[in-house]
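Here are the chains, one letter per residue:
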Amino acid sequence: MCISFSSLTFSFSSNFSAVDYLRLFPIDPPEFSFSGARAHLIVYSFVKSRKMIQINTVSQSKLSQPKKNQSKKDWMQKSSSQMTCRICSSDTSLLLDLGASPPANSLKESADKFQESYSLVTDICDKCGNVQLRYCLNEEALYTDYFYVTPSSTTLSKHYQYLQDFLKKNDFISRNSFVLEIGSNVGNFLDFIKPQVAQVLGIDPAANICQLASQRGIKTICDFFDYQASVKIKEEFGRPNAIVTRHCFAHNANPHAILDGVTNLIDETGVLVIENAYLLNTIKNNEFDQIYHEHMFYYSIRSMQHLLSLHGMHLVDLLMSPIHGGSIVFVATKKSSAHAISPTVHKYMEAESLALTPSAYADFVENTFEIKKTLSTLVADLIAKDKKIYTYGATAKGNTLLNFVGLTSHEIQYCVDSTASKQGRYLPKSNIQIISEEEAQQNPPDYFLLTAWNYKDEIIRKVRQVGNHTSKFIVPVPSIHIL
Ligand code: TMP
């Protein structure tokens, strides 16, 4: 069975039908519509029903199921008892409550479409220091109208080179390596490193994404990665020398399931490379807008080391990168591996324990509310002076920022984004319409609120290069400033 939607075509595998889909993901009848189902199709269409049941169980296990005549809001309220650590099961305490937002990558087709908001609360584990979301949404809530697309960016290409150089220099990959990437998306990173290694393989649950990757010559299995997937990969392709996962390890409420697959797949010589936003950067740079429902964990070296140790693994190296506001690359092996532990691990761990103190967390919370107050006042002042404001970047973090501060289409006329599939849509809750960079160039604002601040230099350069020397940029972190 095939369904065409816009330029994308979704196919159901023979053992999984649309009827199965609806049975497995019962949606409140008044809200169900074909467009509501579309994103599920994007994510799940080739995934076998066995996996669907399993994934659904994992992510909902800690949430009570909605009962008849009960709204999703009630359902989420009922699930508020998840205050134990998803890594070590110890008690957690409140870190920051950002109120309620719809899933941050849910872009709307029309401004008046209703979207449910869900609590965005982070807690910290009293024992292992893990920072996690209190409420982890299931895939149905998270991926309805999901529109994340990796942008093409010079900043990202430079980062791939930096990461590849690090992996090669430290012998984590070589000419003979077989590299598996979990959450490989359209295969950008694998395509980049392919000439440097013997074999690459991706695994990603989104059918349309896998198709695009395969079309460009990056073999991609369409599935979620867990123990069962690892068994199939080992049978068909053998053991990878390196497993890489970039900015998606924290998107799973159950990291133990991923590590069960990893430890089954790699041997004593194999490495696991996890790239993720780094908690220390988030806290020190007041990047509270990194908090959204997809990001279920905010990993530190301490919490990652603890998680790995529960699976007989440990860190052997670390790499810091400025990408996405400050990321960390964790390199891990089995504890039985002969890989030497780089002195970098100890060095960064020491620095982290000195920096991630109770007062640093308290400052982070205080500064978050300060940013809210300052931005809200600044925008009100600019509007009083008849200034025109757009946001730049239809990003997930931008939606956390806008919804936390309470900015909407009443204050912000447009959001500018280079991604064609986002243009014409509306940001969740704030209802701001997305326009292209070309449209913004024809009718520039007085101020851009830089919601893609991780591409600050690239975006400002681009705007100036096309002849706009008048618009100013409001940068929200680490504190509100104007460029
Ligand atoms: P991300 O930070 O989640 O990767 O999203 C960045 C967004 O910013 C993405 O939707 C594309 C957009 N963007 C532009 O509109 N122009 C640009 O020059 C760059 C680099 C990104």
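Source: prediction; values computed, not measured.

## Re the overall build of the protein chain
In step 1: Looking only at helices and strands, one finds 17 helices and 19 strands in the protein chain.
In step 2: The buried share among the 483 residues of the protein chain stands at 45%.
In step 3: Nonlocal contacts in the protein chain, meaning residues at least 24 apart in sequence, comprise 70% of its contacts between residues at least 6 apart.

## A look at the pairing of strand β9 (residues 242–246)
In step 1: A large share of β9 lies buried, amounting to five of its five residues.
In step 2: Residues Ala242, Val244 and Arg246 line one face of β9 and the alternating positions Ile243 and Thr245 line the opposite face, and both faces are buried.
In step 3: Pairing analysis gives four bridges linking strand β6 (residues 178–182) to β9, with the strands arranged parallel. For valine 179, the partnering residue across the bridge sits in β9 and is alanine 242.
In step 4: As paired strands, β9 and strand β10 (residues 271–277) are joined by five bridges and run parallel to one another. Considered in β10, the bridge of isoleucine 243 is made with leucine 272.

## Structural notes on the environment of glycine 467
In step 1: Locating glycine 467 in the fold gives a position in the loop between α17 (456–465) and β18 (472–475).
In step 2: Residue class for glycine 467 comes out exposed when judged on the 9 C-beta atoms lying within 10 Å of it.
In step 3: A sequence separation of 26 residues divides glycine 467 from glutamine 441, and the C-alpha atoms of the two residues are 8.4 Å apart.

## Regarding the nonpolar core
In step 1: The biggest cluster of nonpolar side chains holds 84 residues, and the ones touching the most others in it are Ile243, Val273, Leu318, Phe330, Val331 and Ala332.
In step 2: Among all residues touching valine 273, those that are not within four sequence positions of it are Leu167, Phe172, Ala242, Ile243, Val244, Val329 and Val331.
In step 3: Formed by 34 residues, the second largest nonpolar core is a distinct cluster that contains Ile371, Leu407, Ala440 and Val477.

## What to know about the sheet that holds strand β16 (residues 433–435)
In step 1: With mixed pairing, six strands are arranged side by side in an open sheet as β16-β15-β14-β17-β18-β19. Strands at the two margins of the open sheet, each flanked by one partner only, are β16 and β19 (481–482).
In step 2: Pairing geometry for strand β15 (residues 414–416) and β16, over three bridges, is parallel. In the sheet register, tyrosine 414 faces β16, and the bridge partner there is glutamine 433.

## Structural notes on the sheet that holds strand β5 (residues 131–133)
In step 1: Read from one edge of the open sheet, four strands run β3-β4-β5-β11, paired in antiparallel fashion. Where the open sheet ends on each side, the last strands, each with one partner, are β3 (92–101) and β11 (297–298).
In step 2: The pairing of β3 with strand β4 (residues 118–125) spans seven bridges and is classified as antiparallel. Its bridge partner lying in β4, alanine 100 is registered against serine 119.

## Brief notes about the packing of helix α9 (residues 227–237) against helix α10 (residues 255–265)
In step 1: With their axes 7 Å apart at the nearest point, α9 and α10 run at an angle of 25° to one another. The angle between α9 and α10 places the two elements in the roughly parallel class. Considering only the axes of α9 and α10, their crossing is right-handed. Contact residues: Tyr227, Ala229, Ser230, Val231, Ile233 and Lys234 in α9; Ala257, Asp260, Gly261, Asn264 and Leu265 in α10.
In step 2: Residues of the contact of α9 with α10, tallied by class, amount to six nonpolar, three polar and two charged.

## Some details on α9
In step 1: Those residues of α9 not exposed but buried are Ala229, Ser230 and Ile233. Relative to the axis of α9, the buried residues are bounded by an arc of 100° and lie together on one face. For α9, the exposed residues lying more than 90 degrees away from the buried face are Lys232 and Glu235.
In step 2: Of the surrounding elements, those touching the buried residues of α9 are β6, β7 (199–204) and α10.

## Quick notes on the confidence of the model for the protein chain
In step 1: Across the protein chain, the average pLDDT comes to 83, with 81% of residues at 70 or higher.
In step 2: Contacts for the low-pLDDT stretch residues 1–81, under 50 throughout, to residues beyond four places or in other chains number 99 contacts.

## Quick notes on unusual backbone geometry
In step 1: The residue after valine 477, namely proline 478, is reached through a cis peptide bond having omega 0°.
In step 2: Within the secondary structure layout, proline 478 lies in the loop between β18 and β19.
In step 3: Even without being a glycine, aspartate 386 presents a positive backbone phi close to 65°.
In step 4: Looking at the secondary structure, you find aspartate 386 in the loop between α14 (358–384) and β14 (389–392).
In step 5: Its 7 C-beta neighbours within 10 Å are what place aspartate 386 among the exposed residues.

## Considering the environment of serine 409
In step 1: Within the element layout of this structure, serine 409 appears in the loop between α15 (396–405) and β15.
In step 2: Note on serine 409: 16 C-beta atoms within 10 Å, which makes it partly exposed.
In step 3: Considered as a pair, serine 409 and isoleucine 432 are 23 residues apart in the sequence and their alpha carbons are 4.7 Å apart.
In step 4: If near-sequence neighbours (up to four positions away) are discounted, serine 409 is found in contact with Ser430, Asn431 and Ile432.

## Examining the pairing of strand β13 (residues 327–334)
In step 1: Across the eight residues of β13, eight count as buried, placing the element largely inside the fold.
In step 2: Relative to β13, β10 runs antiparallel, the two sharing six bridges. Among the inter-strand pairings, alanine 277 is bridged to a residue of β13, identified as serine 327.
In step 3: Bridge analysis of strand β12 (residues 313–321) against β13 gives eight bridges, and the strand direction is antiparallel. Across the sheet, methionine 320 pairs through a bridge with isoleucine 328, a residue of β13.

What counts as what
- Residues numbered from 1 in each chain as written.
- Predicted model: local features only at pLDDT ≥ 70, side-chain atom pairs only at ≥ 80, totals over all residues.
- Helix = DSSP H or I, 4+ residues; strand = E, 2+ residues; numbered from the N terminus.
- Buried ≥ 20, exposed ≤ 12 C-beta atoms within 10 Å, placed from the backbone.
- Contact = placed C-beta atoms within 7 Å.
- Pairing = 2+ DSSP bridges.
- Core = buried A, V, L, I, M, F, W, Y, C linked by C-beta atoms within 7 Å.
- Axes fitted to C-alpha atoms, helices over the stretch in contact; angles between N-to-C directions.
- Parallel < 35°, antiparallel > 145°, perpendicular 65-115°, else oblique.
- Left-handed = near helix turned anticlockwise from the far one by under 90°.
- Nonpolar A, V, L, I, M, F, W, Y, C, P; charged D, E, K, R; others polar.
- Arc of directions from axis to C-beta.
- pLDDT = per-residue confidence, 0-100.

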